[in-house]
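What the coordinates show
Here is what each chain is made of, one letter per residue.
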Amino acid sequence: MSFQPLGNRVLIEREEQSNQTASGLYIPDSAKEKPLEGKVIAVGKDAIEAGISEGDTVLFQKYGGTEVTIDGKEYLIMSSDDILGVMK
């Protein structure tokens, strides 16, 4: 893949959630919400200055970003301002 976000934009791949709860119940796909956590794949120049780097796991706003498909995989492109924090 050759995609470079511009400015403060970040390319994120959503983390998939488990289909089973801690108590053993299975959640159907129709009842699952989209995850609010993902892995940073590519970072724009201004987002690096904001402290976000490739490989970070981040939390982001529920309705933030734009969904795109690159090479058959779904990603989010969002502003670094929409990212709530980096998981450590």
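Provided above is the structure to which this section pertains.
Residues numbered from 1 in each chain as written. Predicted model: local features only at pLDDT ≥ 70, side-chain atom pairs only at ≥ 80, totals over all residues. Heavy atoms only, no water.

1. Some thoughts on the pattern of salt bridges
In the structure shown here, the tally under the stated rule is two salt bridges. Residue E13 pairs with K73 through a salt bridge whose shortest N-O separation is 2.9 Å. Taken together, the positions of E13 in strand β1 (residues 9-14) and K73 in strand β5 (residues 73-79) put the pair 60 residues apart, joining distant regions of the chain. The exposure class assigned to E13 is partly exposed, which follows from its relative accessible area of 24%. Between E67 and R14 there is a salt bridge, and its shortest N-O distance comes to 3.6 Å. (Salt bridge = Lys/Arg side-chain N within 4 Å of Asp/Glu carboxyl O. Helix = DSSP H or I, 4+ residues; strand = E, 2+ residues; numbered from the N terminus. Buried < 20%, exposed > 50% of the residue type's maximum accessible area, 1.4 Å probe, protein only.)

2. Some remarks on the sheet that holds strand β4 (residues 66-70)
With antiparallel pairing, six strands are arranged side by side in an open sheet as β4-β5-β1-β2-β3-β6. Across the chains shown, the open sheet's two edge strands, defined by having one partner strand only, are β4 and β6 (83-87). Between one strand and the next, the sheet's axes are offset by a mean angle of 45°, whatever the strand orientation. Taken together, the four bridges between strand β3 (residues 57-60) and β6 define a ladder with antiparallel strand orientation. (Pairing = 2+ DSSP bridges. Axes fitted to C-alpha atoms, helices over the stretch in contact; angles between N-to-C directions.)

3. Some points on the nonpolar core
Core analysis: the largest hydrophobic core is formed by 11 residues, namely V10, I12, V40, V43, A47, I52, V58, F60, L76, M78 and I83. Going through the elements one at a time, β1, β2 (37-43), β3 and β5 are the ones with two or more residues in this core. Each residue touching I52, except ones within four places of it in the same chain, is listed here: V40, V43, A47, S80 and I83. Residues L11, A42, I70 and I77 belong to the second largest nonpolar core, which totals five residues. (Core = buried A, V, L, I, M, F, W, Y, C linked by side-chain atoms within 4.5 Å. Contact = heavy atoms within 4.5 Å.)

4. Looking at the side chain of D56
Here D56 is to be found in the loop between α1 (45-49) and β3. Despite being buried, D56 has no salt bridge partner; K88 is the closest side chain of opposite charge, sitting 6.5 Å away. A polar contact of 3.0 Å, which involves the side chain of D56, links it to the backbone nitrogen of S53. Those residues in contact with D56 that sit more than four places away from it in its chain are G38, K39, V40, G51 and V86. (Lys, Arg positive; Asp, Glu negative; His and termini not counted. Polar contact = N/O pair within 3.5 Å; in protein donor to acceptor, adjacent residues only side chain to side chain.)

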